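Next come the chains, spelled out residue by residue.
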Amino acid sequence: MAAGDTQPDLPDRIIVPRSDRHQVVVIGSGFGGLFGTKQLRHADVDVTMIAKTTHHLFQPLLYQVATGILSEGEIAPPTREVLANQKNAQVLLGEVTGIDLANRQVTSHVLGRELVTPYDSLIVAAGAGQSYFGNDHFAEFAPGMKSIDDALELRGRIFGAFEMAELGAARGENVDHLLTFVVVGAGPTGVEMAGQIAELAHRTLTRDFRAISTRHARVILVDAAPQVLPPFGHKLGKWTQEKLEKLGVEVMLGALVSQVDERGLTVKYKDGSEERINAVTKVWAAGVQANKLGKTLSEQTGAPLDRAGRISVNPDLTLPGYPEVFVVGDMISLDNLPGVAQVAIQGAKYAAKEIEGRLEGKPAQPPFKYFDKGSMAIISRFRAVAMVGKLRVTGILAWLMWLVVHLFYITGFKNRVTAVMHWFVSFIGKGRSERTSTEQQIFARVALQRLERGATDLVSEPGEYDEAQRRAELEEQAAEEARLSDENKRGVKV
Ligand SMILES: Cc1cc2nc3c(=O)[nH]c(=O)nc-3n(C[C@H](O)[C@H](O)[C@H](O)COP(=O)(O)OP(=O)(O)OC[C@H]3O[C@@H](n4cnc5c(N)ncnc54)[C@H](O)[C@@H]3O)c2cc1C
């Protein structure tokens, strides 16, 4: 294109070109998507990974971003960088809105453009979102913990609550509602979050404020279930509850959240009695709902969805009648497999091996079998619980195991090194190096909801923008800036 030519407008619907090689499309850049793509690095295929974010997210450490221990970059490396050396893989940014199984194509959208990507084999690894059990309006007041946006918004709300309390207390106001933090859901994420907020208030921030004592902050962990950490069994659940209470966390069990608003929430007990908790900061860590792409797949194949929206798959992770389509990770319902990273990783690797094996004429693999490497949850520094096979570990040993495992799975050497440094600062010392938050981070969710088409509304329509006029404006502005400097006219009273 000659200098000065204008860029032609892209059509609104683009068919992504394909080569003669076998085309594998992978939906999602999470654990399933990334590990499936990597597994295909030596295969004679072209892989297109379509994801709605430009990063691979290590969800298990989101709570550390929310509480100022890690930066978002440390748990969310850019997928393009991770796959830079994998020549047969390309990354396509976009939100998948449709999967046409009959015509073997995936439709995705990015900033008002529609892309259609054909495939020969498909791996769907779009994960799960937060479930508010039919009360989606709670989300505005109690963000979940599923994305970088969620973690940064929560970081802003948590540290912001201390700031507002300081301002209020300095004017003699009652700030109890600002110094009360409620975490809903006593699974691993809720336990980790409650433990970290308690450490933050009762240990890290104690010397930072003048008008308030952060030691008096209340941290409440609420769950409708009768115990903490049900998947870890009674013994570890009880141990965890005792340690949380020692940290100063109030544990309210058998308490179902019935209402949430900006100033607090209401819980309902089994006997029908209700209790109101005044708390500006609420965190929702209570439920998951599989990605809605499962519904599309279910409608086209007849494969049933369970209550959490997870789709039933064949024992080889394919969909009935579509052996070229694999679904893995949090989206599937198979043999009561848990929604954990290893199920997604192992499932995606299995699917990738099957695709490669078929091209090489190898016999089909035996049905997918999940190898349980164990589960762990951290309560506070030096305290965790772990379950490996029949082994139950608590305390510092479990914490060290947690440290090693998480370090191993964080993507990228640089991220591992900086994560260790940040852990050292936070766990051995008292610091939290990632406390930066802005008003925009806290309120952007509300602002985006007001835009009819989300971020697309912030982008000029194709053709709307007159490049020649804008260029002339910029040239005129630059000439004026240069003239003022050359003629020493800056600072001269006009
Ligand atoms: C806070 C938290 C803590 C956790 N802690 C642990 C833990 O300690 N141990 C453990 O084993 N597991 C843990 N998990 C669960 C674990 O993270 C998930 O089981 C795992 O991420 C599932 O992998 P996946 O590939 O199925 O989905 P994900 O990793 O969620 O990836 C889904 C991908 O799909 C993309 N996507 C979604 N919709 C679309 C669309 N329409 N178009 C394009 N792309 C799309 C997303 O952007 C993302 O890249 C935790 C989860 C959370 C939220």
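Residues numbered from 1 in each chain as written. Predicted model: local features only at pLDDT ≥ 70, side-chain atom pairs only at ≥ 80, totals over all residues. Heavy atoms only, no water.

1. Remarks on a positive patch on the surface
Then, in step 1: A cluster of basic residues, Arg41, Lys349, Lys353 and Lys373, forms a positive patch on the protein surface.
Then, in step 2: Inspection of the secondary structure puts lysine 353 in helix 9 (residues 341-359).
Then, in step 3: Residue classification places lysine 353 among the partly exposed residues on the basis of a relative accessible area of 44%. (Patch = residues over 30% accessible without salt bridge, like charges linked within 9 Å, V, L, I, M, F, W, Y side chains within 5 Å. Areas by Shrake-Rupley, 256 points an atom, 1.4 Å probe, with all protein chains shown as cover. Salt bridge = Lys/Arg side-chain N within 4 Å of Asp/Glu carboxyl O. Lys, Arg positive; Asp, Glu negative; His and termini not counted. Charge placed at Lys NZ, Arg CZ, Asp CG, Glu CD. Helix = DSSP H or I, 4+ residues; strand = E, 2+ residues; numbered from the N terminus. Buried < 20%, exposed > 50% of the residue type's maximum accessible area, 1.4 Å probe, protein only.)

2. Here we look at the domain arrangement of the protein
Then, in step 1: By the assigned domains, the protein splits into domain 1 (13-52 + 94-131 + 289-359) and domain 2 (136-286 + 381-442).
Then, in step 2: The centre of domain 1, based on its C-alpha atoms, is set 33 Å off from the matching centre of domain 2.
Then, in step 3: Here domain 1 meets domain 2 over a buried area of about 560 Å², counting both sides, of which 51% is carbon and sulfur.
Then, in step 4: The three residues of domain 1 that bury the most area against domain 2 are Gln130, Ser131 and Gln342, which together make up 60% of that side's buried surface.
Then, in step 5: Scanning the region where domain 1 abuts domain 2 turns up zero salt bridges.
Then, in step 6: For the pair domain 1 and domain 2, the interface holds three residue pairs in polar contact (both at pLDDT 80 or more).
Then, in step 7: It is strand 9 (residues 128-130) that provides the largest number of residues to the side of domain 1 that touches domain 2, a total of three residues.
Then, in step 8: Split by residue class, the side of domain 1 that touches domain 2 holds two nonpolar, four polar and no charged. (Domains from an automatic or database assignment. Buried area = accessible area lost by both parts, 1.4 Å probe. Polar contact = N/O pair within 3.5 Å; in protein donor to acceptor, adjacent residues only side chain to side chain. Nonpolar A, V, L, I, M, F, W, Y, C, P; charged D, E, K, R; others polar.)

3. With respect to the sheet that holds strand 5 (residues 95-100)
Then, in step 1: The strand order across the open sheet built from four strands is 1-7-6-5, with neighbouring strands paired in mixed fashion. Strands at the two margins of the open sheet, each flanked by one partner only, are strand 1 (13-15) and strand 5. Shown here is a sheet whose adjacent strand axes are inclined to one another by a mean of 20 degrees, direction ignored.
Then, in step 2: Bridging between strand 1 and strand 7 (residues 113-118) involves three bridges; their strand directions are parallel. Along strand 7, the bridge assignment pairs isoleucine 14 with leucine 115. (Pairing = 2+ DSSP bridges. Axes fitted to C-alpha atoms, helices over the stretch in contact; angles between N-to-C directions.)

4. What to know about the layout of surface pockets
Then, in step 1: Of the pockets and cavities examined, the second largest pocket occupies roughly 390 Å³.
Then, in step 2: If you go around the second largest pocket, you meet 17 residues; those closest to its centre are Arg157, Met164, Val280, Ile442 and Phe443.
Then, in step 3: Broken down by element, the residue count for the lining of the second largest pocket peaks at five residues, all from helix 5 (residues 148-170).
Then, in step 4: Looking at side-chain class alone, the lining of the second largest pocket contains eight nonpolar, four polar and five charged residues. (1 Å grid on protein atoms, 1.4 Å probe; cavity = no way out; pocket = protein on both sides within 12 Å on 5 of 7 lines; lining within 4 Å. Points joined across faces, edges and corners; volume = space filled by probe spheres on them.)

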